[in-house]
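Structural overview
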Amino acid sequence: MKEEVVIGLEIHIQLMTKAKMFCHCSTDYIGKKPNTNTCPVCLGLPGTLPVLNKKVLEFATRTAVALNCKIEQVSRFHRKNYFYPDLPKAYQISQYDSPLGVGGYMEITIPGNNEKRRIGITRVHIEEDAGKLVHEGDIASSSYSLADYNRCGIPLAEIVTEPDFCSPEEAQIFLVKLRSIVQHLEVCDGNMEEGSMRCDANISLRDAKTGALGTKVEIKNMNSFKAVKKAMQFEVDRQKKLLAEGEKIIQETRHWDESKNITVSMRSKEEAHDYRYFPEPDLLPLKVDLKIVDKIRENLPELPESRRERFINDYQIPRYDAEILTSSKALGDYYEKTASLYSNGKVLSNWIMGELSRYLNEEKVKIEDSPISPEKLAEMLKLIDGRIISVKMAKNVFEKMFKTGKDASQIVKESGISQITDENELLNVIDKVIKENPKSIEDFNQGKENALNYLMGQVMRITKGRAKPDFVFNALKQSIKKGV
Amino acid sequence: MILHQLTAYEVLNLIRKKKITAYEVMQDIFNRIGKIDNLIKAFLITNQEEALKEAKEIDVKVKNGEVLPPLAGLPVAIKDIIATRGTETTCGSKILKDFVPPYDATVISRLKAAGAIIIGKTNMDEFAMGSSTENSAFGPTHNPWDLKRVPGGSSGGSSAAVAADETFVALGTDTGGSVRQPASFCGMVGLKPTYGRVSRYGLIAYASSLDQIGPITKDVTDSALIMKVISGHDNMDSTSVNLKVPDYLKSCQEGIKDLKVGVPKEYFIEGIDPEVKDVLDKALKVFEKLGAKIEETTLPHTEYSLPTYYLIATAEASSNLARYDGVQYGYRAEYYDDLASMYQNTRSEGFGSEVKRRIMLGTYALSSGYYDAYYLKAQKVRTLIKEDFDKAFSKYDILITPTSPTPAFKLNEKVSDPLTMYLSDIYTIPVNLAGIPAISLNCGYSKSNLPIGLQIIGKHFSEEILIRAAFNFEQNNNVEKRKPEIKPAKFKEAAA
């Protein structure tokens, strides 16, 4: 049997409102002392009641609108009931059969053949986050659990896609674009590692001939873009192998084990929770004014797609570069900021996508926190254009800038590595090299162009790379022609 | 003049006029509690020291001629399901024994702001589940009219405390009749406001779509007095309604001539005690004499109220009470092996049998595969019951019914038979399902000297009309008002 891969995604994004979903506690909980970012409401103390933060509705609506969803005028909150120590009310306030947004889509472009695919968005709904359990050592060896409720009540939007992905790659492309969209909407920072964006996947195989759907398996705990792709690929391979061996696929939830690079069974369909959803009696039905939705639609910020087109036009950079630069809002912002100070868009994108990205990745620094600010990068690029440093020297300067946070001109001054601008000094060196290498002169005169490169290398060696290459090149040629 | 026998309105006037001090009133109240609460067992905890201190502070204000808030110096008892900052709030349950909320319910803040003084927390059926106050983890409360009998429930502690003059007023909560039925059993006035009239913030939820806080008082005037203070919109409760609060006291002054009164026939059949019917009939004549136009009417879906209530209330309860898991606060089992057994042992040991019965019922009603047949169906019937009332109120200003089919029953009489116990709320439950207000007040006594209650039901936010009708009846009822005679000897005899 020939199988086709069928994948659908469920993505949770933490909405960056100032206050939590149902109380006045801050959403800025990361790094805070456990259980200090709480109040009776988000702790679910007896007698407390939720009151919806209107900003949550606005942020979620913005997200749903950007994903081309229809906004329901009236939707409802439901209680999702289950016991777990990180859930202080023993139910999560969520939306069930009446979500905020339905029937949307997002377009993705498949690289390689540039095929455009429209991915259906089934729904966008809002719900509250739970707390976290903390263990001494790891969960398996610890004899107790500690509960930290700082995250309780952080607003989430859940985005559910149709099972429209044919491969893990497509799903990943979607995710990257979605992240960029929510960043551009300024509703979520899209940080998968910190959990502000989380992704679960439903994966099954379909009989290519008959179109019969296979049993679906849900994959959880994929905590980075890399993990998402690896986990999904692992699961596709696992299912294919099972079928090839004549085995059946069981409907279950599997956990991605990052350290072992495998998915592990968490619970089967029989063990699945019965969440006993019912309408949340403490909250009124959620009414959305369609005029406000129209306003939100009109005032949507520039989204990555149009920003990409603008980059191509305004900065004269290749589509590929523009695609990468708009794949995250912070990267795009960095590019634009620098481009406002430095005019050669292509040189700039090369440096950002090359050196800068490399150092940021190596040092695990976010671009927002880059020690080389757009101003500093622009200044360095101007030093190259002004022939103060060569491209080659710039790479060293760049490294020092990254490590020390100093300006390029300061580094150049301190290390005395600027180019030799005194032409007489350079001509003396050139004379010396020509005199010491008669063989190369002869070769050059006989038409061996390579000989000139050798001579240039000698000049660079003596000047420790501080000679202006094109000046040396022309000066060498002229000197040889003159027949020194 | 015996201070504790006065009404809130009377005692507040005396304080205001400097005839007595708030401190004297408070002392008298605590003397009374000290003397008889060992027989009534209305209170779970009292705040004597703090209350006396606050009374002194009120007296300073009186002395200084400061502008006094409306309830300055009034002792108030609170049902133990309403959160009081710094004071244990147990819901009559072992699972919340020693639980001290770090915040006040909105009604408590409003009472305090109005100068009222919280004297203690009153006994109740565990998590307000019951009609006799026998389901308290801390033992039953006794009816002041007959100590062998129950005070009703679930706000039995509150109503017994008011009836025994241990407080002037008390707050109760009403999910299916828990303010009105005990008020009726103890001969007091109990008002269940429109759903959304009084903030539920700090009311520990039993059934969120039905729960309301209401006053239990000695007369209708006091009910109006308290309602004025606790009503109104609250930013902390999304279901509280933003409507102006009328001056309920003022509405007492108007008459009820030409008021259209419906008497639903479904409330006078099967199971009603002939004595109750008899007293009710006499009461209706009083309304007629006052110029009200009385007609028989129908609420055809009445018979479905009880099953509907026991699906919706228990479904919500199963979710509301899930948080008592031994993790964050309250009781945790001493012995357990893992998370599942911690939950299981904590909840098995911490909850009483009626609470467990309702949690199981509600869990079942919400379970996948049963939801449509039970919870959803119940919600549809709830709509029909609401429509019955809407229809009736298109014709009538108020409806008059008995509050409960019988006067107070005996302790232990119905404990082993929950279904019979549930019938005690058959006349009060439809009101909660419809979200409308109702007031219960005494209209007479049985031959064995037990109070019998009359219920006046109105449409949404018609508390003014209810209070006016009740006040007019109270002033003109030709049955002489009695006080319970608390007789410990007889009780001891019976107990032996």
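Residues numbered from 1 in each chain as written. Chains lettered and ligands numbered in written order. Predicted model: local features only at pLDDT ≥ 70, side-chain atom pairs only at ≥ 80, totals over all residues.

Re the overall build of chain B
Broken down by element type, chain B carries 17 helices and 11 strands. Computed over the C-alpha atoms, the radius of gyration of chain B is 21 Å, within 12% of the 23 Å expected from 2.2 N^0.38 for a compact globule of 496 residues. In terms of its C-alpha atoms, chain B occupies a principal-axis envelope of roughly 65 × 55 × 55 Å. Counting the 496 residues in chain B, one finds 58% classified as buried. (Helix = DSSP H or I, 4+ residues; strand = E, 2+ residues; numbered from the N terminus. Rg over C-alpha atoms; globule rule 2.2 N^0.38 Å. Buried ≥ 20, exposed ≤ 12 C-beta atoms within 10 Å, placed from the backbone.)

Examining the nonpolar core
Side chains of nonpolar character tend, in soluble globular proteins, to be buried together. One finds A:Ala60, A:Phe174, B:Val76, B:Ile82, B:Ile398, B:Ile456 and B:Ala470 to be the most contacted residues of the largest nonpolar core, which totals 217 residues. Not counting chain neighbours up to four residues away, the residues in contact with B:Ile398 comprise B:Leu259, B:Val261, B:Ile456, B:Ile457, B:Gly458, B:Ile465, B:Leu466 and B:Ala469. One finds A:Trp351, A:Leu381, A:Leu383 and A:Val412 within the second-largest nonpolar core, a separate group that totals 30 residues. (Core = buried A, V, L, I, M, F, W, Y, C linked by C-beta atoms within 7 Å. Contact = placed C-beta atoms within 7 Å.)

Focus on the packing of helix H10 (residues 305–320) of chain B against helix H12 (residues 353–366) of chain B
All names here are of chain B. The interhelical angle for the contact between H10 and H12, taken along N-to-C directions, is 100 degrees, at an axis separation of 7 Å. Judged by the angle between their axes, H10 and H12 are roughly perpendicular. Mapping the contact onto sequence places Tyr 310, Leu 311, Thr 314, Ala 315, Glu 316, Ala 317 and Ser 318 in H10 and Arg 358, Ile 359, Leu 361, Gly 362, Thr 363, Ala 365 and Leu 366 in H12. Here the residues of the contact of H10 with H12 are counted per class, giving 8 nonpolar, 4 polar and 2 charged. (Axes fitted to C-alpha atoms, helices over the stretch in contact; angles between N-to-C directions. Parallel < 35°, antiparallel > 145°, perpendicular 65-115°, else oblique. Nonpolar A, V, L, I, M, F, W, Y, C, P; charged D, E, K, R; others polar.)

Things to note about the pairing of strand E6 (residues 212–217) of chain B
Residue and element names in this part refer to chain B. Among the 6 residues that make up E6, 6 are buried, leaving the element largely enclosed by the rest of the structure. Side chains Gln 212, Gly 214 and Ile 216 of E6 all project onto a buried face; the interleaved residues Ile 213, Pro 215 and Thr 217 project onto the opposite face, where all are buried too. Taken together, the 6 bridges between strand E4 (residues 169–174) and E6 define a ladder with antiparallel strand orientation. Counted as the bridge partner of Ala 170 is Ile 216 from E6. Where strand E5 (residues 189–192) lies against E6, 2 bridges are found, and the strand directions are antiparallel. Looking at E6, one finds that Gly 190 is bridged to Ile 216. (Pairing = 2+ DSSP bridges.)

A short note on the sheet that holds strand E14 (residues 262–268) of chain A
Residue and element names in this part refer to chain A. Pairing is mixed in the open sheet, where 9 strands are placed in the order E2-E6-E7-E10-E1-E11-E12-E13-E14. Two strands bound the open sheet, and with one partner strand each, they are strand E2 (70–71) and E14. Relative to strand E10 (residues 155–161), strand E7 (residues 115–128) is paired through 7 bridges, and the arrangement is antiparallel. Bridging across to E10, Arg 123 finds its partner in Val 160. Lying over the sheet, helix H1 (residues 54–66) contacts E2, strand E6 (101–110), E7 and E10, oriented at roughly 165 degrees with respect to E7. Relative to the sheet, helix H3 (residues 225–244) contacts strand E1 (3–14), strand E11 (197–207), strand E12 (217–222), strand E13 (252–257) and E14, its axis offset from that of E11 by approximately 25 degrees.

Some remarks on the interface of chain B and chain A
Taken together, the contact pairs 33 residues of chain B with 25 residues of chain A. The biggest single contributor to the side of chain B that touches chain A is H10(B), with 3 residues. For the side of chain B that touches chain A, the per-class residue count stands at 17 nonpolar, 11 polar and 5 charged.

Remarks on the domain arrangement of chain A
Assigned domains of chain A: these are domain 1 (3–294), domain 2 (302–415) and domain 3 (423–481). For domain 1 of chain A versus domain 3 of chain A, the separation of C-alpha centres amounts to 64 Å. (Domains from an automatic or database assignment.)

Regarding the sheet that holds strand E15 (residues 278–279) of chain A
Residues and elements named next belong to chain A. Pairing in this open sheet of 3 strands is antiparallel, and the strands run E5-E4-E15 from one edge to the other. Looking along the sheet, the strands with just one partner apiece sit at the ends: strand E5 (91–94) and E15. Sheet topology note: the strand E4 (residues 78–81)/E15 ladder contains 2 bridges and is antiparallel. Its bridge partner being in E15, His 78 is matched across the sheet by Pro 279.

Quick word on the domain arrangement of chain B
All names here are of chain B. Domain boundaries in chain B define domain 1 (3–254 + 470–495) and domain 2 (303–379). For domain 1 and domain 2, the distance between their C-alpha centres works out to 28 Å. Across the side of domain 1 that touches domain 2, the residue classes tally to 10 nonpolar, 7 polar and 3 charged.

Regarding unusual backbone geometry
The omega torsion across B:Gly153 and B:Ser154 is 10 degrees, close enough to zero to call that bond cis. Locating B:Ser154 in the fold gives a position in the loop between strand E3 (117–122) and helix H5 (156–163). Phi at A:Asn68 is positive, roughly 60 degrees, even though this residue is not glycine. For A:Asn68, the position within the fold is in the loop between H1 and E2. Given 16 C-beta atoms within a 10 Å radius, A:Asn68 is considered partly exposed.

Overview of the confidence of the model for chain B
Residue and element names in this part refer to chain B. Confidence along chain B averages 96 in pLDDT terms, with 98% of residues attaining 70 or more. Across residues 491–496 the pLDDT falls below 50, and counting only partners more than four positions away or on other chains, this stretch makes 4 contacts in the model. Two numbers describe this predicted complex: its pTM, 0.91, and its ipTM, 0.95. (pLDDT = per-residue confidence, 0-100.)

Some remarks on H3(A)
Residues and elements named next belong to chain A. For H3, with 20 residues, the first-to-last C-alpha span of 29 Å sits near the 28 Å given by 1.5 Å per residue. Looking only at H3, the buried set comprises Val 228, Ala 231, Met 232, Glu 235 and Gln 239. The buried residues of H3 occupy an angular sector of 95 degrees when the element is viewed end-on, so they sit on one face. H3 presents Lys 226, Asp 237, Lys 241 and Ala 244 as exposed residues on the side facing more than 90 degrees away from its buried surface. Remark: Gly 246 follows H3 within two positions and exhibits a positive phi of approximately 75 degrees. (Expected span 1.5 Å × (residues − 1). Arc of directions from axis to C-beta.)

Digging into helix H9 (residues 374–385) of chain A
All names here are of chain A. Between its first and last C-alpha, H9 extends 17 Å over 12 residues, near the 16 Å set by a 1.5 Å rise per residue. All of the buried residues along H9 are Pro 374, Lys 376, Leu 377, Met 380, Leu 381, Leu 383 and Ile 384. Next to the buried residues of H9 lie helix H7 (329–339), helix H8 (345–363), helix H10 (391–404) and helix H11 (408–415).

Side note on the pairing of E7(A)
All names here are of chain A. With 9 bridges connecting them, E6 and E7 associate as antiparallel partners. Its bridge partner being in E7, Ile 108 is matched across the sheet by Arg 117. Adjacent in sequence and paired antiparallel, E6 and E7 are bridged by 4 residues, among which Gly 112 carries a positive phi angle near 95 degrees.

Some remarks on the packing of H9(A) against H11(A)
Residue and element names in this part refer to chain A. As a packed pair, H9 and H11 sit with axes 8 Å apart at the nearest point and diverge in direction by 50 degrees. Overall, the two elements H9 and H11 adopt an arrangement that is oblique. Between H9 and H11, the contacting residues are Lys 376, Glu 379, Met 380 and Leu 383 on the first element and Ala 408, Ser 409 and Val 412 on the second. For the contact of H9 with H11, the per-class residue count stands at 4 nonpolar, 1 polar and 2 charged.

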